Amino acid sequence: MSTPSKFPSSAYFGATLLVVFFFLTCFQAQGQVSSVPKDSVLILKKEKVKHVKYLFYLDVSLEIGGNPISGMNANLGVYLNSKHAIGVSCFTVTSPYSPVVNQKTLMQCIGLQYCGSPFNKRNTRKMFYYKIDIGKVFNPAHYIEFPTMSSIQAQFDSKRSKPYMFRTTIGMRLIFLNFYLALGNTGNLVWNYPNNSYTPETQTFKFTHGVLGIGITLPPRKIE
């Protein structure tokens, strides 16, 4: 009588080892593959927050103040990321009338602008901002109006004047609307007056202004 062969039991044992090895290999490979996309997604999300949907911005506003002060403001810039931007600013400002002598100054200013946000959270970062403008005054005009005579226009002395301009702004954007408060100042401006008995020959002053602005931002700022 022949003895039974041991081959079936060996075959079953080998097949079991192959199945176990297969499952272990699959689970290990799946764990490695699934872990890489998760890390990549996190990195992509972090990098995505740093970008904005629109690269350029345009702010156009009207400015008002007391006595009254009024003017216009336009800014064109480019976003460096979701918090920082640089651009060019251009605005005109009208000074208030003096309570003693009616003096009025009109100014056109152009300069470089930096725009940033003091916040890190997405919603507050895209809503609140501050700006710093540094530039130059062009074509200033200064008038003195008297009750009994026509107005006298002063002559701007560009050689002795320092027509630089510095201005800071804090504001808030709501979709495409823009609200802000701006404070600005210039260097010493020198004016020469025609020879008459009503005005001094030369007058020097710094042009200081504070205004409230309301306008629009195009396109509406959207941070991804």
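To keep things clear, this report deals only with the structure shown in the data block. (Residues numbered from 1 in each chain as written. Predicted model: local features only at pLDDT ≥ 70, side-chain atom pairs only at ≥ 80, totals over all residues. Heavy atoms only, no water.)

## Observations regarding the packing of aromatic side chains
And step 1. Across all of its chains, the model carries 5 aromatic pairs by this definition.
And step 2. Summarising the aromatic geometry, the rings of Tyr 114 and Tyr 130 are spaced 5.9 Å apart at their centres and angled 55° between planes, so their arrangement reads as tilted. Taken as a pair, Tyr 114 in strand β4 (residues 102–116) and Tyr 130 in strand β5 (residues 128–146) lie far apart in primary sequence, 16 residues in all.
And step 3. On the accessibility criterion, Tyr 114 (25% relative accessible area) is partly exposed.
And step 4. Relative accessible area serves as the criterion here: at 27%, Tyr 130 is assigned to the partly exposed category. (Phe/Tyr/Trp six-rings, centres within 6.5 Å; stacked < 30°, edge-to-face > 60°. Helix = DSSP H or I, 4+ residues; strand = E, 2+ residues; numbered from the N terminus. Buried < 20%, exposed > 50% of the residue type's maximum accessible area, 1.4 Å probe, protein only.)

## Examining unusual backbone geometry
And step 1. In this structure, Pro 219 follows Leu 218 across a cis peptide bond, with omega equal to -15°.
And step 2. Mapped onto the secondary structure, Pro 219 falls in the segment after β10 (202–218).
And step 3. For Asn 139, which is not a glycine, the phi torsion comes out positive at approximately 50°.
And step 4. In this structure, Ile 175 is a non-glycine residue whose phi angle is positive, near 60°.
And step 5. Tracing the backbone through its elements, the reader meets Ile 175 in the loop between β8 (164–174) and β9 (177–192).
And step 6. The exposure class assigned to Ile 175 is exposed, which follows from its relative accessible area of 67%.

## Topic: the pairing of β8
Regular strands place their side chains on alternate faces of the sheet.
And step 1. Covered by surrounding structure in β8 are Met 165, Arg 167, Thr 169, Gly 171 and Arg 173 only, the residues Tyr 164, Phe 166, Thr 168, Ile 170, Met 172 and Leu 174 on the alternate face being uncovered.
And step 2. Of the pairings in the sheet, the one linking β8 to β9 comprises 10 bridges and is antiparallel in character. Looking across to β9, one finds that Leu 174 is bridged to Leu 177.
And step 3. Connecting β8 to the next strand, β9, in antiparallel fashion are 2 residues, including Ile 175 with a positive phi near 60°. (Pairing = 2+ DSSP bridges.)

## A short note on the environment of His 84
And step 1. Residue position: His 84 is located in strand β3 (residues 84–94).
And step 2. His 84 sits in the partly exposed class, given a relative accessible area of 30%.
And step 3. In this structure the C-alpha to C-alpha distance between His 84 and Tyr 129, which are 45 residues apart in sequence, comes to 9.5 Å.
And step 4. Here Tyr 114 takes part through its side chain, which lies 2.6 Å from a polar atom of the side chain of His 84. (Polar contact = N/O pair within 3.5 Å; in protein donor to acceptor, adjacent residues only side chain to side chain.)

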